[in-house]
Amino acid sequence: MTATESRSYRLGEFHSFEAAGRRFLYLVPAGAVFELDDAAEKLVARLSLGDAAHDELMSELVSKGYSYPDADELLGELYHSHVIVTGETVREPLANPPADFPLQSLVMNLTNQCNLSCTYCYEFGEDKVATPEGKPKFMDMETARASVDFLLGQSGTRQSVHITFFGGETLMNFPLLKGVVAYATEQAAAQGRAVDFSLTTNATLLTPAIIEFLSENRIGVTVSMDGPPDLHDKLRVFANGRGSYDIIEPRVKALIANHRTRPITARVTLTNGVTDVVRIYRHLKQDLGFHEIGFAPVTTSPDRLYSINEKGMDGVLEQFHILADEWLEFALRGEMHGFSNVSDTIAELIQGVNKSHPCGAALGLVGVGPSGDIAPCHRFVDSDTHSLGHISTGIDREKQSDFLTRGHINSKYDCHTCWARPLCAGGCHHEAFVRYGDTGHANLHYCDWIRDWTDTCLRIYGAVSAVNPGFLEQFAERKALS
Ligand code: SF4
Ligand code: SF4
């Protein structure tokens, strides 16, 4: 008897789902979607009753009318795809990225000052991790140049790198932003490479000249905006408590009308009382004309007045489902929909991501504060506890390694049996710190929510791949996914 003949098979680790009348498996160790045909479906059903030996399965398949070579090919395909595994198969831990993983993105916090006082702000609110006392409020050109040189120097052989401008309110330091665009473009070109830019803003300081500059330089813009006036003005307020909607509405309209080179995105923070996702989406998409709208529940400890409780999150999920159904209808007609919470997950499914870490923080991405301090990402900028070094001396590899080891999926034992881990990987390090006091803790407060949402996106992916697969190709090209 050969080694293959003596094998005993069992089912691999997957999440099964149906879409468009077909059955799919989301193969967890690979982060890949596998469509079952009739034969594979029967075999999976057989093994769900208990393990079986190779010979036994072959005999069953042959007795059901399969030729010996077809049955053998089927078993081989399912085995190599890890739909079925042998008794001895052990879960391979995901490897640590190399210590010199090349940088792709730099988030530059041009200032830690803001002209708004949004109640929930993670930089100034009750859950802030920043310790800006005694540090510069605005980045200067010398620090900015050093940051650009650092990015180019640490990005290995990458042909293009990305700079995101952030704040405080980014546009409070617009002269520096212009200087960085010129300097980085020149330096990258001198090395035969490219750099592209984006920024996040509250839109209060946008002017026609700034909009023209952003459009001419193809700078992607994300506006933090929470919906129509009655919702937006609840928490996005000036220091005197006045809402900011009236100030930003005409500026946002001018931005969307005159910035012609990149899609304009709205980023909505959901809070207690600001959970009317569909109404917010309609307002931002149809009334104001944003191209894409993404939603995120506020990051906060659970006892804050503006935090969303479990019932509120269930309501958010219901509304997400409405927009997800709409996203699918659009995709089946070959049209793009602007709900980026679906688009972002579909993009990850197309790429077949299988994350060792939830995001690029401290890996392909770092944040730099006005003082030149390096942080895992923009949310940790200016925090002494989370500093990963300084732009003048580079990354402290020991601190980086500690952050990445704690945040690695291998360290999050609760996640090891979760089928959603290739996409979630335990969730945002910053949220974990705010909730649990440890950047490496899994965000266990939202697991059911995440699994429900991931299942929804898998069904959309499955339905589109079954009914209109060309759309996924167009989508990938448009998002420039390789
Ligand atoms: S945090 Fe929860 S949902 Fe995310 S991978 Fe871990 S167990 Fe799964
Ligand atoms: S740690 Fe959180 S906020 Fe920072 S990049 Fe990752 S997901 Fe985003």
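Provided above is the structure to which this section pertains.
Conventions we followed
Per chain, residue numbering runs from 1 following the sequence as it is written. Chains and ligands are labelled by the order in which they are written, letters from A for the one and numbers from 1 for the other. Confidence filtering applies because this is a predicted model: local features only for residues at pLDDT of at least 70, side-chain atom pairs given and counted only at 80 or more, and all residues used for totals across whole chains, interfaces and linings. The side-chain figures draw on all heavy atoms in the structure; neither hydrogens nor water molecules are used. When a carboxyl oxygen of Asp or Glu lies within 4 Å of a side-chain nitrogen of Lys or Arg, that pair is called a salt bridge. Under the scheme used here, helices are H or I runs from DSSP no shorter than 4 residues and strands are E runs no shorter than 2 residues, and both carry numbers assigned from the N terminus. Burial classes follow relative accessibility: with a 1.4 Å probe on protein chains only, a residue under 20% of its type's maximum area counts as buried, one over 50% as exposed, and anything between as partly exposed. Strands pair, by our definition, only if DSSP identifies at least two bridges between them. Contacts are assigned to residue pairs that have any heavy atoms within 4.5 Å of one another. Whenever a helix is involved, its axis is fitted only over the stretch in contact; in every case the axis is a line through C-alpha atoms, and angles between N-to-C directions fall within 0 to 180 degrees. Neighbouring residues are identified by heavy atoms, a residue being near a molecule or strand if any of them is within 4 Å of it. Think of it as three bins: nonpolar holds Ala, Val, Leu, Ile, Met, Phe, Trp, Tyr, Cys and Pro, charged holds Asp, Glu, Lys and Arg, and polar takes everything else, Gly as well. Note on terminology: a nonpolar core comprises buried Ala, Val, Leu, Ile, Met, Phe, Trp, Tyr and Cys residues joined through side-chain atoms within 4.5 Å. Each domain span listed reflects an automatic or database assignment of domains. The directions from the helix axis to the C-beta atoms are what the arc is built from. To estimate the expected span of a helix, subtract one from its residue number and multiply by 1.5 Å. Centre distance within 6.5 Å is the pairing criterion for rings of Phe, Tyr and Trp, where only the six-membered ring of Trp is used; planes under 30 degrees apart are then read as stacked, over 60 as edge-to-face, and the remainder as tilted. Definition used: whenever NZ (Lys) or CZ (Arg) falls within 6 Å of the ring centre and also within 35 degrees of the ring normal, the charge is taken to sit over that ring.

### Points about the pattern of salt bridges
- What the rule picks out here adds up to 18 salt bridges.
- The closest approach of N and O atoms between E60 and R46, which form a salt bridge, is 3.2 Å. Residue E60 is located in helix α2 (residues 54–63), and its partner R46 is located in helix α1 (residues 38–47); the two are separated by 14 residues in the primary sequence.
- When its relative accessible area of 18% is taken as the criterion, R46 is described as buried.
- Where D196 meets R262, a salt bridge forms, and the shortest distance between an N and an O atom there is 3.7 Å. Taken together, the residues D196 in strand β9 (residues 194–201) and R262 in the loop between α8 (245–258) and β11 (264–270) connect sequence positions 66 residues apart.
- Looking at D196, the relative accessible area reads 29%, which means it is partly exposed.
- Within the structure, one salt-bridge network assembled from shared partners comprises R46, E56 and E60.

### Some thoughts on the sheet that holds strand β5 (residues 52–53)
- If you trace the three strands from one edge of the open sheet to the other, you get β5-β1-β6, paired in antiparallel fashion. Either end of the sheet is taken by a strand with one partner, and the two such strands are β5 and β6 (84–86).
- Contacts between helix α3 (residues 68–80) and the sheet are confined to β1 (8–11) and β6, with β6 contributing the most and set at about 85 degrees to the helix.

### Quick notes on the site of ligand 1
- All residues adjacent to ligand 1 are D414, C415, C418, R421, C424, G426, C447, I450 and R451.
- Considering each element in turn, the shell around ligand 1 owes the most residues, three residues, to helix α15 (residues 447–467).
- Taken together, the residues that form the shell around ligand 1 break down as five nonpolar, one polar and three charged.

### Side note on the site of ligand 2
- In the region of ligand 2, the neighbouring residues are C359, C377, R379, C428, H429 and H430.
- For the shell around ligand 2, the class distribution of residues is three nonpolar, two polar and one charged.

### With respect to the nonpolar core
- Counting residues in hydrophobic clusters, the biggest one holds 109 residues, and the most contacted among them are I163, F165, F290 and F295.
- Residue contributions to this core peak at 10 residues, all from α15.
- When residues of this core are assigned to domains, at least three map to each of domain 1 (8–86) and domain 2 (105–390).
- Setting aside its immediate chain neighbours within four residues, I163 contacts L106, M108, V148, L151, V180, A184, V195, D196, F197 and S198.

### Remarks on the sheet that holds strand β4 (residues 32–36)
- Reading across from one edge, β2-β3-β4 is the order of the three strands in this open sheet, with antiparallel pairing throughout. Each edge of the open sheet carries a strand with a single partner, namely β2 (14–19) and β4. If you compare each strand with its neighbour and ignore which way they point, the axes differ by 30 degrees on average.
- As defined by bridge partners, strand β3 (residues 22–27) adjoins β4 across five bridges and the pair is classed as antiparallel. Among the inter-strand pairings, L25 is bridged to a residue of β4, identified as F34.
- The strands touched by α15 within the sheet are β2, β3 and β4, with β2 carrying the most contacts at an inclination of about 55 degrees.

### So, unusual backbone geometry
- The linkage connecting G167 with the following residue, G168, adopts the cis geometry, with an omega of 20 degrees.
- Mapped onto the elements, G168 comes out in the loop between β8 (160–166) and α5 (174–190).
- With phi around 70 degrees, A362 is a residue other than glycine that occupies positive phi space.
- Despite not being glycine, D382 has its phi angle at roughly 70 degrees, a positive value.

### Remarks on α1
- By the burial criterion, the buried members of α1 are A39, A40, L43, V44, R46 and L47. Down the axis, α1 shows its buried residues gathered within 160 degrees of arc, on one side only.

### Considerations on the environment of V353
- Tracing the backbone shows V353 in the loop between α11 (340–351) and β13 (365–368).
- Along the sequence, V353 and A32 sit 321 residues apart, while their C-alpha atoms lie 8.0 Å from each other.
- Not counting residues within four places of it along the chain, the set of residues in contact with V353 comprises Y26, G31, E348, P422 and L423.

### Overview of the pairing of β1
- Note that β1 and β5 share two bridges and pair antiparallel. Along β5, the bridge assignment pairs Y9 with A52.
- Here β1 runs beside β6; their pairing, made up of three bridges, is antiparallel. Paired with R10 across the bridge in β6 is V85.

### Quick word on the side chain of T265
- Within the secondary structure layout, T265 lies in strand β11.
- Not counting chain neighbours up to four residues away, the residues in contact with T265 comprise V221, T222, V223, F290 and E292.

### Concerning α11
- In this model α11 runs 16 Å from its N-terminal to its C-terminal C-alpha over 12 residues, within 8% of the 16 Å that 1.5 Å per residue would give.
- Those residues of α11 not exposed but buried are S340, N341, V342, S343, T345, I346, A347 and L349.
- Lining the buried residues of α11 we find β3, β12 (292–297), α10 (310–332), α13 (421–424), α15 and α16 (469–478).
- At the exit of α11 stands G352, carrying a positive phi of roughly 65 degrees.

### Overview of the packing of aromatic side chains
- Applying the stated criterion across every chain yields a total of 17 aromatic pairs.
- The interplanar angle of 85 degrees and the centroid separation of 5.2 Å between the aromatic rings of F320 and F339 together place this pair among those described as edge-to-face. Here F339 lies in the loop between α10 and α11 and F320 lies in helix α10, a separation of 19 residues in the sequence.
- For F339, a relative accessible area of 0% corresponds to the buried category.
- Ring centres 5.8 Å apart and planes at 70 degrees place the aromatic pair W327 and F475 in the edge-to-face group. In this pair, W327 is assigned in helix α10 and F475 in helix α16, connecting sequence segments 148 residues apart. Comparing W327 with F475 shows no difference in burial state: the two are buried.
- Three or more aromatic residues joined by ring pairs make a cluster, and in this case those are Y281, F295, F320, F339, W449 and W453.
- The side chain of R7 reaches across the aromatic face of Y79, ending 4.0 Å from its centre.
- In this structure, R145 is placed above the aromatic ring of Y183, and the distance from its NZ or CZ to the ring centre is 5.8 Å.

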